[in-house]
Each structure stands twice: as structure tokens, then as C-alpha cells.
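Here's the letter readout for the chains.
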Amino acid sequence: MTQLNQDDRSNREMPMGGRPPNASTRIQSEAPPPIAPPPPPMHPPAPRMMTRQASQSSHLNVNSQSESQVPTQQYATPTVAPWTAASSQAIAVDTIEQMVRDAHNKDASDIHLRVGEVIRFRIRGAMTIQSEYGTITPDQFKGYLEEILSPKQIENFEETMELDTAIYYPGFLRCRVNCFESLTGGAIVFRLIPLDVPTIDGLGLPPVLKNFIAQPQGLILVTGPTGSGKSTTIAAMIRHLNDTDSRHIVTIEDPIEYVHQSNQSLVSQREVGLHTKEFSHALRAVLREDPDVILIGEMRDRVTVDTALKAAQTGHLVLGTLHTKSAIGTINRLLNIFNPDEQASMRIQVMESLVSLVSQQLLPTTDGRRTAVHEILVNTPAMADYLVKGEDSEAFRLMETDTNEGMQVMNQALCELVLLGRISPDDAVRSSPDAGDLRRRVRNEGYDPGRGSNREFEGDGVRDFHPV
């Protein structure tokens, strides 16, 4: 047993490219010239197990703040295991707040955390592995849940195996949180949301959005794939209205994302599960709350669409979202919610209520940030006539030509940003609904160094577009 331990120790102490210390005595008996003992190791032997505390201490200290600088967190924090003399090592449990601060410093929009996986940040649209955190264990995941959720929420999650909520770090930011179960175990996704509500000009959005939100009544739809920044665009529109007009704005959110402070307008924000038990209950009650503007979020089912149309037809301005990729495709998606024999009458109702459709994509810019690209449909009398008759091709051509109303198709917006050097041609082609048409537009327009834009892009004056 003693010999085995000595061999094991000598093997661990063997320097790179050398022999174990006791090898010299064996070789001396076989070869006449004496052999000098090998040089001592340049570094002390490493322990068998490297602790995450040691590998992360410098990383955590860089972003550490004094207690007075760190916002007080209102959630329970998991217990960190203390130093133990028996193991001579520390077992560190990273907190969610540490991860959120690290992600914010790296300009990430999302954090993906899952049992059995390494943590990943979404940075400018790309999933980036954060190897310094190591693989998440079930015990760590349990600690994370206890940090950000109340006991009742944890019980809810264990029962339903999914949960939507939000966490708030005063003076820092908010996070939209989704907890769910997966094949490898529990998982959490965090969407980082700044506390300051963005502006239309600050995000470089089309100025025509200010005209849309100033309308007294009607339906405004912002569409696009998940993560394209629909909620951020709507938040900027609501902020503009809040700063410029006196209205009562009611939002029904699941969960609340951007927090609006009442300014010129009175803003009432309601979160499903916190301020109302069911989305449908809040939807029915909202018309009795004397609103001028209603944000109902995703047009998820027939009840939501019916309520939105009823509110828009009774003198309210309604904002909603859909996961569609084009403006005209959104009309057909809305109609497909209804039975075929109802679609003709519903088409008329939708066109009577519609103010505008804004279809949005999020693309990386050449300066390492992101910008939103829009297809815009304005419900002018000519446009309404085409859409009521189902003449989608004529409606599309009107969007291309009637730019005085602020309308544009996606390829026009992509072409403009390519010619301005704001986005790369490859990214534009990947995002285009018709790549051949986009190439022809870029060739026909050509590059003009003096070309202007109806939007302001002034470097540091324009904020990066973080989707929500």
C-alpha cells in the first residue's frame, strides 16, 4: 500500500518531458555513465480537483461593487457552502445577480441556464458559451430557483413544469424570466430589460411611428419573429405618447417588461398572475377601466382578436403583436383564426379598424450593434379597398410606391441600409423575402456617398437595439 502511494505521488510530480525521480536509480544499474537527476518541477503539482472558486475569483472581483453600489435584491439568495478544512477547497454557488451583471457587461440580451449544460449568453443574436461558470448541477439549479422565486412560485413550477415571471434589480434592470423542464432537467431563460424606456429616435425607428401612436382610435399591429424586438418598439411608441399627450394607457402583460412612469399620460400596467388571475379576465375588464389606449400584447386566439376589434371600433387605440414575417401576411393570419364562412365579414371589420401594420426584423450592423428593419403598411383608403377585395398583389405594389404615407416593403428598407453601409449585403440577403429583387435594387440604386436617409444614424447617438 505504501509502495502504491509512493508511485502515485511520483507520477503526479513528474515534470513535463522528464522521468519520475526514482527512475534514475533503476537506470544506473543498466548504463555505466551516470545520469543526472531530472530538474525539479517548474510548478508545484496541481491538486486532483480544481475548484470553480479558484478559477472564477479574478472574474468575479472585476465586476464586484461595494455594498452601497449594488441594488438591494428583493429575492432570497441560495446558501453558499463555507470553506472546510477536510476538503481544503471552497464550493462556490454563483448567484443569478452575478450572472445578470456579467451578461449586462458583455452586452448580452439573454441568459440560457440549464441543468447538465454550460451557461450561454445571447450576444448580438449569437449564442455564446460562458465556460467560466461550468456545468449546472441540480443542486445549483435549486438554489437559483430559491433566489428568484417565492415558495409559492416554486410550488407552481413544480406542479405545472413551466413558469413566467419577472425579477427587478432596483437601479439596475429588470429580467423577464421563463422557467421550464427539459430532457436534461430544469432550465431558465432570462431576457434583460433596461430600466430606461427607449425612444423612437434613440432606436432609429421610422418617424412615421409617431403618427401611428398619435391616432385617436384603431388597431396597430407590430409583427415579427420571436426576439425581433416587437415589445421594445411598442414600448418606444408608448413612451412617445406618454411624453406628448394626455391619455389613459392600460397594458395587460405576461409578464410586465418595460416599466412606464406616468408623465403626460396616466399609465396603468397589469401583469397576469400578479394583478389579474387570467389574461381573459383582464381583457374583459379593460373596457370598463376608462382606457384611451390598450396594449394587449400577442393576438393569441379568437377571443383576443374579437376584444381588440371591439375596442378599436368603440373609440380606443389598441396595440397588439403577431409572429408573422410580412405585413400583408398578417392580414391573412388574422382572418385564418376565424371559420371560412366568417372570414369575409371579419375582413371588413379588420380593415375598418386597422391603422397600420409594422413588420420587423432585427439585423446586426456593421459597427457591431443591431438595428431594426421594417416593412410598413398604412391603411389608406386605397389600401383598404385592395385588401377588402383580397387583391394582395395590388396592395403590395401600393406599399412600394406610396412612400409619402410612410409605407415601404422589406426590400426597400434593406436596400437603403445596405447602401448606407449600416448592414452587410450578406445579412440583407439572408433576411430578404426575395433575394433576387434585393440584388436588383442594390445594383440599380448604386452606392452614393452623399446618399441621405429619413432616419438619423449618428454613431454613439443611436442606441443599440435590444429585443424584448
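Please refer to the structure higher up on the page.
These notes cover the structure that comes with them. (Residues numbered from 1 in each chain as written. Predicted model: local features only at pLDDT ≥ 70, side-chain atom pairs only at ≥ 80, totals over all residues. Heavy atoms only, no water.)

**Examining the overall build of the chain**
Phase 1: Looking only at helices and strands, the chain has 17 helices and 13 strands in total.
Phase 2: Expressed as a percentage of the 468 residues in the chain, the buried residues total 46%.
Phase 3: For the chain, restricting intrachain contacts to residue pairs at least 6 apart in sequence, the fraction spanning at least 24 positions comes to 60%.
Phase 4: Surface exposure of the chain reaches about 23,900 Å², of which carbon and sulfur atoms provide 51%. (Helix = DSSP H or I, 4+ residues; strand = E, 2+ residues; numbered from the N terminus. Buried < 20%, exposed > 50% of the residue type's maximum accessible area, 1.4 Å probe, protein only. Contact = heavy atoms within 4.5 Å. Areas by Shrake-Rupley, 256 points an atom, 1.4 Å probe, with all protein chains shown as cover.)

**Brief notes about the side chain of Glu375**
Phase 1: Tracing the chain through its elements places Glu375 in strand β13 (residues 370-378).
Phase 2: In this structure Glu375 is buried but unpaired, with Arg441 as the nearest side chain of opposite charge at 8.8 Å.
Phase 3: Within the structure, Glu375 has its side chain in polar contact with the backbone nitrogen of Met410 (distance 3.0 Å).
Phase 4: Those residues in contact with Glu375, other than ones at most four positions away along the chain, are Ser326, Ala327, Leu357, Val358, Ser359, Phe396, Met399, Gln408, Val409 and Met410. (Lys, Arg positive; Asp, Glu negative; His and termini not counted. Salt bridge = Lys/Arg side-chain N within 4 Å of Asp/Glu carboxyl O. Polar contact = N/O pair within 3.5 Å; in protein donor to acceptor, adjacent residues only side chain to side chain.)

**Quick word on helix α8 (residues 230-244)**
Phase 1: Taking 1.5 Å per residue as the helical rise, α8 with its 15 residues ought to reach 21 Å, and the 22 Å between its terminal C-alpha atoms agrees with that figure.
Phase 2: For α8, the full list of buried residues reads Lys230, Thr232, Thr233, Ile234, Ala235, Ala236, Met237, Ile238, Leu241 and Asn242. (Expected span 1.5 Å × (residues − 1).)

**Digging into the packing of helix α15 (residues 410-419) against helix α17 (residues 435-445)**
Phase 1: In the contact formed by α15 and α17, the axes pass within 10 Å of each other and the chain directions differ by 45°. By the angle between their directions, the pair α15 and α17 is classed as oblique. Of the two elements, α15 crosses α17, and the hand of that crossing is right-handed. Taken together, the residues of α17 that come into contact with α15 (itself represented by Asn411, Gln412, Leu414, Cys415, Val418 and Leu419) are Asp437, Leu438, Arg441, Val442 and Glu445.
Phase 2: When the residues that make up the contact of α15 with α17 are grouped by side-chain class, the tally is six nonpolar, two polar and three charged. (Axes fitted to C-alpha atoms, helices over the stretch in contact; angles between N-to-C directions. Parallel < 35°, antiparallel > 145°, perpendicular 65-115°, else oblique. Left-handed = near helix turned anticlockwise from the far one by under 90°. Nonpolar A, V, L, I, M, F, W, Y, C, P; charged D, E, K, R; others polar.)

**Some remarks on the pattern of salt bridges**
Phase 1: According to the stated counting rule, one finds 20 salt bridges in the structure shown.
Phase 2: Among the ionic pairs, Lys106 bridges to Glu132, the shortest N-O distance being 3.0 Å. Of this pair, Lys106 sits in the loop between α4 (96-105) and β1 (108-114) while Glu132 sits in the loop between β3 (126-129) and α5 (138-148), placing them 26 residues apart in sequence.
Phase 3: The partly exposed category is assigned to Lys106, whose relative accessible area is 28%.
Phase 4: Between Asp367 and Arg369 there is a salt bridge; the shortest N-O distance is 3.3 Å.
Phase 5: The exposure class assigned to Asp367 is partly exposed, which follows from its relative accessible area of 41%.
Phase 6: Owing to a relative accessible area of 16%, Arg369 belongs among the buried residues under this scheme.
Phase 7: Three or more residues joined by partner-sharing salt bridges are found here, namely Asp102, Lys106 and Glu132.

**Remarks on the packing of α4 against α5**
Phase 1: Between α4 and α5, the shortest axis-to-axis distance is 10 Å and the interhelical angle comes to 85°. Between α4 and α5, the interaxial angle falls into the category roughly perpendicular. Taking contact as the criterion, the partners of Ile96, Glu97 and Met99 in α4 are, on α5, Tyr144, Glu147 and Ile148.
Phase 2: The class makeup of the residues in the contact of α4 with α5 is four nonpolar, no polar and two charged.

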